[in-house]
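Given next are the chains, with one letter for each unit.
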Amino acid sequence: PIFATTHQPSTQMAKAPSTTDNIAPINVSFQTLTMSEAAEAPPNQETKQRSPSEFLKSVLGRPVKVKLNSGIEYRGVLASLDGYMNIAMEQTEEYVNGQLKNNYGDCFIRGNNVLYISGQTKR
């Protein structure tokens, strides 16, 4: 699996073979810098890069911001996620146009709605 999950394995139906099963994974790595860090870094300085799966493993159990394709943001503690980017969050707050609209104890987001997941430094 590409993404880490805290769920225990369950008995599920076998996945039907698809045409994408034989496609080799692509290794992608990136690093996000703040504007001040980017301005201070020399142009050819090598930086430590992480894969997306390493990033997702590092934010499990930590505060994150999840932005949906609709523009709505959810901020809370990332409880788990799977290979389809289905997300379970705790202590979740819903923001619409930057304003707090609702507080939820637990939140489940279907992966096809997720635009991005971002780690938060403070909650």
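Residues numbered from 1 in each chain as written. Predicted model: local features only at pLDDT ≥ 70, side-chain atom pairs only at ≥ 80, totals over all residues. Heavy atoms only, no water.

Draft legend 1. Spatial organisation of the environment of Gly 83. Secondary-structure assignment places Gly 83 in the loop between strand E2 (73-81) and strand E3 (87-96). Assessed through its relative accessible area of 47%, Gly 83 is described here as partly exposed. Separated by 28 residues in sequence, Gly 83 and Gly 111 place their C-alpha atoms 8.7 Å apart. (Helix = DSSP H or I, 4+ residues; strand = E, 2+ residues; numbered from the N terminus. Buried < 20%, exposed > 50% of the residue type's maximum accessible area, 1.4 Å probe, protein only.)

Draft legend 2. Spotlight on helix H2 (residues 52-59). The complete set of buried residues in H2 reads Ser 53, Phe 55, Leu 56 and Val 59. One side of H2 carries all its buried residues, which in axial view fall inside an arc of 155°. Those residues of H2 that are buried lie in contact with strand E1 (63-68), E2 and strand E5 (114-119). Where H2 ends, the next residue or the one after it, Gly 61, has phi of about 80°, a positive value. (Arc of directions from axis to C-beta. Contact = heavy atoms within 4.5 Å.)

Draft legend 3. The arrangement of the pattern of salt bridges in detail. Tallied over the full model, the rule gives one salt bridge. The shortest N-O distance in the salt bridge between Glu 73 and Arg 75 comes to 3.0 Å. You can call Arg 75 partly exposed: its relative accessible area is 22%. (Salt bridge = Lys/Arg side-chain N within 4 Å of Asp/Glu carboxyl O.)

Draft legend 4. Region of the structure containing unusual backbone geometry. Phi is positive for Met 85, which is not a glycine, with a value near 70°. Here Met 85 shows up in the loop between E2 and E3. Classification of Met 85 by relative accessible area gives partly exposed; the value is 23%. For Gln 91, which is not a glycine, the phi torsion comes out positive at approximately 50°.

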